[in-house]
Amino acid sequence: CTAGAMRVGAAIRVAARRVAVGDVDGPSRTHGPRTVGTMPHYVPRVSAERVEQLRRWHEDVSSELHARPTADIAYLGLQLRVPQGVFAPTPTSDLLGNLVTDHATPGLRVLDMGCGAGANAILAARTGATVLGVDVNPAAVEASRANAARNGVADLTNFAVSDLFEAVEGDF
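Residues numbered from 1 in each chain as written. Predicted model: local features only at pLDDT ≥ 70, side-chain atom pairs only at ≥ 80, totals over all residues. Heavy atoms only, no water.

1. Notes on unusual backbone geometry
So, step 1. The backbone of leucine 76 shows a phi angle near 45°, a positive value even though the residue is not glycine.
So, step 2. The topology assignment puts leucine 76 in the loop between strand E3 (71-75) and strand E4 (78-82).
So, step 3. Given the relative accessible area of 31%, leucine 76 is considered partly exposed.
So, step 4. With phi around 55°, leucine 164 is a residue other than glycine that occupies positive phi space.
So, step 5. Locating leucine 164 in the fold gives a position in the segment after strand E7 (157-161). (Helix = DSSP H or I, 4+ residues; strand = E, 2+ residues; numbered from the N terminus. Buried < 20%, exposed > 50% of the residue type's maximum accessible area, 1.4 Å probe, protein only.)

2. Overview of the packing of aromatic side chains
So, step 1. Applying the stated criterion to the full structure yields zero aromatic pairs.
So, step 2. Over the aromatic face of phenylalanine 172 sits the side chain of arginine 109, whose NZ or CZ is 4.2 Å from the ring centroid. (Phe/Tyr/Trp six-rings, centres within 6.5 Å; stacked < 30°, edge-to-face > 60°. Lys NZ or Arg CZ within 6 Å of the ring centre and 35° of its normal.)

3. Overview of the pattern of salt bridges
So, step 1. The final tally for this structure, using the stated rule, is six salt bridges.
So, step 2. Across the pair glutamate 59 and arginine 55 runs a salt bridge whose closest N-O atoms are separated by 2.6 Å. Here the residue glutamate 59 and the residue arginine 55 both occupy positions in helix H2 (residues 48-67), the gap between them amounting to four residues, near one helical turn.
So, step 3. In this structure arginine 55 comes out as partly exposed when scored by relative accessible area, which is 36%.
So, step 4. Where aspartate 72 meets arginine 81, a salt bridge forms, and the shortest distance between an N and an O atom there is 2.7 Å.
So, step 5. You can call aspartate 72 exposed: its relative accessible area is 55%.
So, step 6. A relative accessible area of 39% places arginine 81 in the partly exposed class.
So, step 7. The network of salt bridges with common partners includes Glu52, Arg55, Arg56 and Glu59. (Salt bridge = Lys/Arg side-chain N within 4 Å of Asp/Glu carboxyl O.)

4. Focus: the sheet that holds E7
Through backbone hydrogen bonds, the strands of a sheet pair up, either in parallel or in antiparallel fashion.
So, step 1. As summarised here, the arrangement of the three strands in space is E5-E6-E7, forming an open sheet in which the pairing is parallel. Each of the sheet's edge strands pairs with one partner strand only, and the pair in question is strand E5 (109-113) and E7. Strand-to-strand twist in this sheet, taken as the mean axis angle between neighbours without regard to direction, amounts to 15°.
So, step 2. Summarising the sheet, E5 and strand E6 (residues 130-135) pair through five bridges and their orientation is parallel. From the neighbouring strand, aspartate 112 faces E6, where its bridge partner is glycine 133.
So, step 3. Sheet contacts for helix H5 (residues 138-150): E6 and E7; angle to E7, the most-contacted strand, approximately 170°. (Pairing = 2+ DSSP bridges. Axes fitted to C-alpha atoms, helices over the stretch in contact; angles between N-to-C directions. Contact = heavy atoms within 4.5 Å.)

As structure tokens, then:
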């Protein structure tokens, strides 16, 4: 594991811990956690109205994406089958996909949280990295497994149904 990968992994673990306790701004910020009983309580920076606008937008976009029929797509040299109800790469997905390809290395352990059809997990595995992909959607997990096999990297990937870190063990 390279020093850079270890620093990135440490930063992600710290950020995940902060999110888990509602401390996304750090302890010294005005809008940081507030203690309610023994559990910290996060005070949002945005208004309740803006939260509701974002929730509605997310639901609309999610409904639209989930309604798309099954499709076979080419993405950054991969052949993917994306069943209905599973998110496919979007027009901006290649930004992350190219970063994955550029920075994943043989032997690196990679976690693809919210793997969808498995595109980023498969891109990382093509470099020789070992990958765990997780998603809350069982259909996405099955699509990821099939797509990893279709793209010749099933031996470097593992996929699991998981709500965030529920099925995640080890360091990445």
